Amino acid sequence: MKSLRLLFEQNSSPAKTNTSSSLLKKPKPPVSHGSSSSSSQDPLKTHFASLIQSSETTLQLRQIHAQIFRRNLSSSTNLTTLLISVSSSLKSIPYALSVFNHFHHKSIFLFNAMIRGLTENSHFQSSVTHFLLLLSNRVRPDKLTYPFVLKSVAALGLRCLSLILHGRIIKSGVEFDSFVRVSLVEMYVKLEELSFALQVFDESPERNKSGSILLWNVLINGYCKMGNLGKAMELFEAMPERNTGSWNSLINGFMRNGDLDKAMQLFDEMAEKDVVSWTAILNGFLQNGDHQKAISMFFKMLEAGVRPNDLTLVSALSACAKVGGLEAGVRIHDYILENGFRLNKAIGAALVDMYAKCGNILSASKVFDETKEKDLLTWSVMIWGWAIHGYYGQAIQCFKKMMFSGIKPDGVVFLALLTACSHSGQVNLGLNFFESMRLDYSIEPTMKHYTLVVDLLGRAGRLGEAMKFIERMPVSPDFVTWGALFCACRAHKNIKMAELASLKLLQLEPKHPGSYVFLSNVYAAVGRWEDVERVRMLMQNRAVDKDPGWSYVEVGGKVHSFVAGDHAHKHAREISLKLEEIVASAREQGYMPETGWVLHNIEEEEKEDALGSHSEKLALSFALIYTSPGTTIRIVKNLRICGDCHSLMKCACKMSQREIVLRDIKRFHHFKDGACSCGDYW
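It should be emphasised that the depicted structure is a prediction, and the values quoted were computed from it without experimental measurement. Counting from 1, residues in each chain are numbered in the order their sequence is written. Per-residue local features are limited, in this predicted model, to residues with pLDDT of at least 70; the limit for side-chain atom pairs, both in listing and counting, is 80 or more; totals at the level of whole chains, interfaces and linings are taken over all residues. Only heavy atoms go into the side-chain values, all of them from the structure, while hydrogens and water stay out.

K.L.:
Quick question: what am I supposed to make of the packing of aromatic side chains here?
P.N.:
The geometry of an aromatic ring pair is captured by the separation of the ring centres together with the interplanar angle, meaning the angle of the planes. Between 30 and 60 degrees the pair is tilted, below 30 it is stacked and above 60 it is edge-to-face, where a pair is any two Phe, Tyr or Trp rings, Trp via its six-membered ring, whose centres lie within 6.5 Å. In this structure the tally under the stated criterion is 20 aromatic pairs. Ring centres of F148 and F179 lie 6.3 Å apart, and the angle between their planes is 45 degrees; on these two criteria the pair is classed as tilted. Placement of F148 in helix α8 (residues 146-156) and of F179 in helix α10 (residues 178-190) is noted, with a sequence separation of 31 residues between them. For the pair formed by F148 and F179, the shared burial category is buried. Seen from their ring centres, F622 and Y626 are 4.9 Å apart, and the 45 degrees between their planes marks the pair as tilted. Taken together, the residues span about one helical turn, with F622 and Y626 both in helix α34 (residues 615-626) at a distance of 4 residues. With relative accessibility at 33%, the residue Y626 sits in the partly exposed group. Here the aromatic residues F399, F414, F433 and Y441 are joined through ring pairs into a cluster of three or more. Under the scheme used here, helices are H or I runs from DSSP no shorter than 4 residues and strands are E runs no shorter than 2 residues, and both carry numbers assigned from the N terminus. The buried label applies to any residue whose accessible area, calculated with a 1.4 Å probe on protein chains only, is under 20% of its type's maximum; exposed applies above 50%, and partly exposed to all values in between.

K.L.:
Please clarify how the sheet that holds strand β4 (residues 660-663) should be interpreted in this entry.
P.N.:
Two modes of strand pairing occur in sheets, parallel and antiparallel, and in both the strands are linked by backbone hydrogen bonds. Whether two strands pair depends on DSSP finding at least two bridges between them. If you walk across this open sheet you meet the 6 strands as β2-β1-β3-β4-β5-β6, and the pairing is mixed. For this open sheet the edge positions go to β2 (558-563) and β6 (675-676), each flanked by a neighbour on one side alone. The pairing of strand β5 (residues 668-672) with β6 spans 2 bridges and is classified as antiparallel. Across the sheet, residue K672 finds its bridge partner in β6, namely A675.

K.L.:
Help me out: how do you make sense of the packing of α8 against helix α9 (residues 159-172) in this one?
P.N.:
The relative placement of two packed helices is expressed as an angle between their axes plus a distance between the axes. The convention used is that axes are lines fitted to C-alpha atoms, helices contributing only their stretch in contact, and that angles between N-to-C directions extend from 0 to 180 degrees. Direction vectors running N to C along α8 and α9 enclose 165 degrees, while the axes themselves pass 10 Å from each other. When the interaxial angle is binned, α8 and α9 end up roughly antiparallel. α8 and α9 meet at a crossing whose hand is left-handed. Residue-level contacts link Y146, V149, L150 and V153 of α8 to L161, S162, L165, R168, I169 and S172 of α9. Classes in brief: Ala, Val, Leu, Ile, Met, Phe, Trp, Tyr, Cys and Pro nonpolar; Asp, Glu, Lys and Arg charged; the others, Gly included, polar. Split by residue class, the contact of α8 with α9 holds 7 nonpolar, 2 polar and 1 charged. For classification, angles of less than 35 degrees are called roughly parallel, those exceeding 145 degrees roughly antiparallel, those between 65 and 115 degrees roughly perpendicular, and all remaining angles oblique. Take the far helix as your reference; a near helix turned counterclockwise from it by less than a right angle gives a left-handed crossing, and one turned clockwise gives a right-handed crossing. For this analysis, residues touch if any pair of their heavy atoms sits within 4.5 Å.

Below, the structure written as structure tokens:
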């Protein structure tokens, strides 16, 4: 920046160092609007000041501003500062800048209001620019200026400028102001300069006194984010006093580091837990993949009488979506309705996502229609919902409505549209969407978009076109792209092309189990058992393990998990007998175990046993035992469902007269009356 030299200029008459000010407990300093003596003596100015502060929209502010002009009060620093502050709080930065730029006699109060407004609205570059403008106007920054400039510098990652500002703060004599001090430590933490942060902390005379909690919390949070939990614990133990924020920072740190036991230990030791504490522990379990524990913690929070906030609700609903916990999700939805929560964009999108991923697409659509505030995320999750359930027509209709509402699509929306077309065999329509994304919306395709086009062509049997598409891609195809072609080759029994794709997969990731499993299954499907055995031995020699399949099923409001070949389950004997009963009845209807899905050439009876251990079959058997007749069974699986399990599910739904909803890694399968919603096209 050209004006950067201003930072190096000497200050005139440094202010007296304030060493007696106590550290603030809140991170925001008071807003000064200039001298209020004239306002207090002028009833009209006082009246306008009150009107500005009570404004709820930018339109109201403009109307008040017009009246200020009419009464020749536009030169009032106090009123102008208030206009800037309130318009910034209403996120109307263009209007705030207009007010600022048209005021000729700019004081420190105007600059402070403008810099703060820009920072709090994430206009960090503009905030720094206005600080330099302040210096060029020979206005002297004060203790209310620096905290927001420091925050902007940290957000922009300007390490050099941070040191210059620190030096200027020392020269100006405000370095020991409590808020400036905390802001300096926080800036260095965000810049990952913890040695500087610790130095500023150690030089703080107030750190060992009551009221210095915020300073400690900021530094502890910094060490937690950098993964130095030992130092964070050392600081935590040395604190003269703690608040819930101190505990929350440490809990977040251990959760982020994957140490769930230590985080839970700290949580249990807390004397008082607020909503932030519960949200931290819930979100921590969610981020670490323990979704059932996250759901459990949410309901424990309600039992403890703590009211969740929007983030807590979104996290809990996300956990339900991950494991297909529809009953738990419905309970959370009921709580939202009964406790006065507004169906805003965040909660609306989370509910739509939960219902869609739990297999109840009609409820997802209903919540979507009831959500009045819709942003791009809300539309995206609804389009995705229709897509993964195989309703390509509804997905496209939803896309059209989004366009009519004035919201422009992004790359994620086009991923959903391509998925919808792929699952329904609408190849030409999918290709049109791919071209439209680039030509009409100037969205550059990512690897995921290219992979979906390969999947689109491959599923339809247009393998030659899929291969040509890969060869013409402007970026090198990755493992997933070749995997999409590989799956298509297997489905259409194109062994030659499957071998080529397999070679590419093995070159890209020689230790990935998928390459070996897919290729051995392709050979098995056409009876090439020697090749199957060769691939299996290659897996063993390279110490490659097949990813275990697991499935979730919700019974009685509790989510139960099953792993392929799971004989350790407490109901294993009952489940095994039930599965034998299902298979026997299915055989009478013409079902024959599709042993081609088994990895290698073993005796036919052993192959059937191997198929019987698939996790979704275990989940199905458990649900049939422990749910009432007529209850819909909802299963979530981490891998793509195999052909044999797919066939058995069709028979099972017909025999039990139940609907079975199964979500695999690719899509939803709604089994009803002996048929699947995918039309056996997956």
